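Below, each chain spelled out in residue letters.
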Amino acid sequence: MVNGDVKREETPMNSAQDMKNRNSLKGKIVLVDGENRKTIIDLMKQLLEKKCLDAILVPSQVPDTDSYTWLLVQEGSLLDLCDPLPPVMTVQGGKALSSLTKHGEMEANIGALMRPCEIEAVVELHKLKQIDLDHIILFSIDCPGTVPLSDYMRDPQKMAENFKESIKKWGESESLRPICQICDRFSLFPFAPSSPKSSLSQGGADLPASDIHIGLLGGNDEKIFLWPVTQRGKDLLKKLDLSVHDNLEVWESKVEEVREEKLKKRTAFHDEWSTKIKGVDNFAAIFDECINCHNCMEACPVCYCQQCYFDSQLLTLTPEAYLERAQKRGSLRFPLDTLLFHIGRMSHMALSCVSCGACEDACPMSIPVAQVFTAVGDQVQDYFKYVPGREKEESPPLQIFLEDEFGDVETPGDGLETSHGEAKENV
Amino acid sequence: MSDAIKINKGIEEAVQDLLKSLLEKDKIKGVFTLRKMDDLGAVAYSLFTNADELKNALPLYPFMPVNAGKVLSDFTLQGATQEPVAAVLRPCEIRAFIELVKRTQGDLENILLISSTCGGVYPLKILKGNDQKSRQAQYWESVKKEDIDPELRETCRMCEDFIPHNADMVIAAAGIEDMDTQCTIYLNTQKGKEFASDVPGSKTSEELEGGKIEELKTKRQEQKAKIFEQFEKEQMGLKSLVKMFAPCLGCHGCSHVCPICYCTLCEFDSKTCEYRPTSIESELKLKGGLKVPPGNIYFHLGRMSHMAVSCVSCGMCSDVCPVNIPVATVFSRVGAPLQEVFEYIPGRDLEEAVPSGTYKEQEFMESGK
Amino acid sequence: MNMNDTYMPTIIGFLCNWCSYTGADLAGTARMKIPASLRVVRVMCSGRIDPLFVLKGFLKGADGIMMMGCHPGDCHYQKGNYNARRRFVMLQNIFESLGLEKERIGLWWVSASEAPKYAQVTKEFAEKVKELGPNPLREEIFL
């Protein structure tokens, strides 16, 4: 039942070097008929009708409710429920896609329409062998952010209204999640010279993993920009009889403008949080209220382990051992090892943290988990020159090593030559 | 009539004194109770071993960060404690612990259970904030007057099991108007009496259950009837069920905090519940679409079939739900008739077998045809 | 087109190996008429029928689910069918509380020699389920 001739061709259409010397991107500008949502849905419908795809995974509204969920659609009419940009992130898209493809590929060609941070999670999960991307076509979309899930659940209508407003101002809204307000990866612009991340990026190929990107910025609800990132994306658009010769300059410059704003905010965020989380007392204070429900871990797309170490019984002791531990300080908190859980989880996944905010949304105690993990994650990612979710072929840093690296951490201060000058600057 | 001790101090101070004296006289090696974590309201259960540390204890603080039945299970999972340890729990937490002991997830030996006639707790969502002082005052005012504070957890507002089963000592709280000046602690068991032999306070003999307690019970029952009636009106039937669970993220937080759901690896977190490519394709063929990740209602109904009969209605599940599904109300509503059919009150008696683990030859004769 | 003429309910039967399945076998050898819409799953004992099997069948859109085991007292493993009975009571109770169609599930005792009973109860159940109409869950996407 394979439809279409979507093949896995993993060479991105340009190398990074070409990108730098390129002219403006080529794509297709589609005039909006009515509203963005409808135009995107029509596009998806065409993809199904013309058998370019067998099914497509989209965010959808559950009929007669204010709730959103992921829907794998084969029957085109179901796409009417789709909302490409729902006001909330329910299940992180990476997690959703992983639940579909974890056990090997389907024979069908499947598309998935997601926010950029979800695409990034998809790529991380692909690297961790939790998603099989062979028959998956990824569509990304410019994302203004989402409102916090708890706010939305409290008053869906009002928050949906606020969300609509925030699209107009593109992220400049207090109603959005704090983590979205500082997100500089809201679009799939191929490279961003001003981003500290990309300047550090080792491979240089700071290419997005999506096959087709849907640009909204600069379109003023009158047009949307389709940018085919990969050959597969190009082929797909060709099948829809969409020529890709339009200049996407308008979108590009608008993205760059917003990104600069966001980067400023992100820098300010780091200034603020680097002191907030420093020291055991400060760090512990943030997690004071943690009730050890592990919702953050369950919601995290990157935490994929079937059975988490911190849910296992490896950490239980005998009553006498507990008493002994308690006696050292006069009292012992239960459930045990709340901080160990958070720091431990951090050591497991911070390098792959895509700052999607799902953890913070899921926390019943409103602990700023995503902000803490981003504050730490950005630092370790910079240190390893790793950008999670950008490059499908890149290995996660802890799965590889060079014999000659990070000399500076081995024998600090003994005056020996270090071989990792660049990293040293960032310590 | 049962033995009791009377301490001429406010209820919170009196309980602290009791715990302090037990620790100081070395009758217990440690005590589990809530501990203040900061000045904004955060609390966590702690095992206190030092009497001086008890100044930070908040034994009757009206929040439940985790069901302490789970905490005691963690503590005794590897075996009974050799040294006596006390624990100040709410009645539903004791019931949860008894259910866990039945499932060999804990051990009651050497544990002194101290509980209270419980006024309920607030949802965790309002744990932190600047209004903690006034909320505390509001709480104790309503406990004294036996009013049902509408801000309490829903399961607390409708709880009729607020008189603890199996507690060795019971602190009188609900309906006690002079609790600011004196405190009565009932000694329900021989164990309780022995431990209380030389604690501060005067010995008396009083009746725990009486007019006031009955009144509160009636009030709570009325609440329960109301809440259930509302539930039946809105949530019955397939369509409503789908609607109610529509926002579910599948985070399984409800099962993680549930004291009865003790499995280290839950069936619904396991590979058996994951969809294979073939099943996805057949769903698509049949319905044209598939919700992803699939299986939320299966999870909730399945969990129900596993634990609703032992549900102690503590309300933790509703509290941790990031999308405000009234999980605890549903499970209580489903649990109630189930427990009635099997004549089972979870946590009432350690000797009572869990209904799904036992049978009688002559029962439900009309069920199999 | 009349729905009732074409509608064939899907019924899943969980049959214990020692009694009901043997009974079904006997019915087959005796060429008794069994509803064609019944899909039989053999389990070693009715006590093996996890309530989740029934739930899953129901949620996936099966129109009816039959649990069958040895008569009380006859269980090959002494007590499996007593456990099955409790689980069935529990499931029915949960269905009732949530307003789901509990008529779609049932428990029968069929011994190895009761081929006629097997033929009869399957026929009766199939007719009853047909009257109930298709399980609405078959169409429901948002589960």
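Note that the structure is predicted; figures quoted are calculated from it, not measured.

Calculation notes
Residues numbered from 1 in each chain as written. Chains lettered and ligands numbered in written order. Predicted model: local features only at pLDDT ≥ 70, side-chain atom pairs only at ≥ 80, totals over all residues. Heavy atoms only, no water. Helix = DSSP H or I, 4+ residues; strand = E, 2+ residues; numbered from the N terminus. Buried < 20%, exposed > 50% of the residue type's maximum accessible area, 1.4 Å probe, protein only. Contact = heavy atoms within 4.5 Å. Areas by Shrake-Rupley, 256 points an atom, 1.4 Å probe, with all protein chains shown as cover. Pairing = 2+ DSSP bridges. Axes fitted to C-alpha atoms, helices over the stretch in contact; angles between N-to-C directions. pLDDT = per-residue confidence, 0-100. Lys, Arg positive; Asp, Glu negative; His and termini not counted. Salt bridge = Lys/Arg side-chain N within 4 Å of Asp/Glu carboxyl O. Polar contact = N/O pair within 3.5 Å; in protein donor to acceptor, adjacent residues only side chain to side chain. Buried area = accessible area lost by both parts, 1.4 Å probe.

Some remarks on the overall build of chain A
Scanning chain A from N- to C-terminus turns up 18 helices and 9 strands. Across the 427 residues in chain A, those meeting the buried criterion constitute 59%. Excluding contacts between residues fewer than 6 apart, the proportion of contacts in chain A whose partners are at least 24 apart in sequence is 74%. Entry remark: accessible area of chain A is about 17900 Å², with carbon and sulfur atoms responsible for 50%.

Concerning the sheet that holds strand 2 (residues 38-43) of chain C
Residues and elements named next belong to chain C. Across the sheet, 4 strands lie side by side as 2-1-3-4; this open sheet has parallel pairing. Sheet topology places strand 2 and strand 4 (105-109) at the edges, where each strand pairs with a single neighbour. When the angles between neighbouring strand axes are averaged without regard to direction, this sheet yields 20°. With 5 bridges joining them, strand 1 (residues 11-16) and strand 3 (residues 64-69) adopt parallel strand pairing. Looking at strand 3, one finds that F14 is bridged to M67. The sheet contacts of helix 4 (residues 80-98) involve strand 3 and strand 4, and relative to strand 4 the element is tilted by about 160°.

Section: the confidence of the model for chain B
For chain B, the mean per-residue pLDDT works out to 93, and 100% of the residues sit at or above 70. Note on the complex model: pTM 0.92, ipTM 0.93.

A closer look at the side chain of R333 of chain A
Residue and element names in this part refer to chain A. Summarising the element assignment, R333 is placed in strand 9 (residues 331-334). Nearest to the buried, unbridged R333 among oppositely charged side chains is D288, at 4.6 Å. Here the side chain of R333 touches D288 through a polar contact of 2.9 Å, landing on its backbone oxygen. Looking at R333, its side chain comes within polar contact range of the main-chain oxygen of C290, at 2.9 Å.

Some points on the interface of chain A and chain B
Accessible area lost during the coming together of the parts is what is often quoted as the interface size. Every contact between the two is made by 60 residues of chain A and, on the other side, 69 residues of chain B. Between chain A and chain B, the buried area comes to about 5300 Å², and carbon and sulfur atoms account for 61% of it. Per-residue buried area on chain A facing chain B is highest for H103, Q306 and F334 of chain A; these three make up 14% of the total on that side. At the surface where chain A touches chain B, the tally comes to 1 salt bridge.

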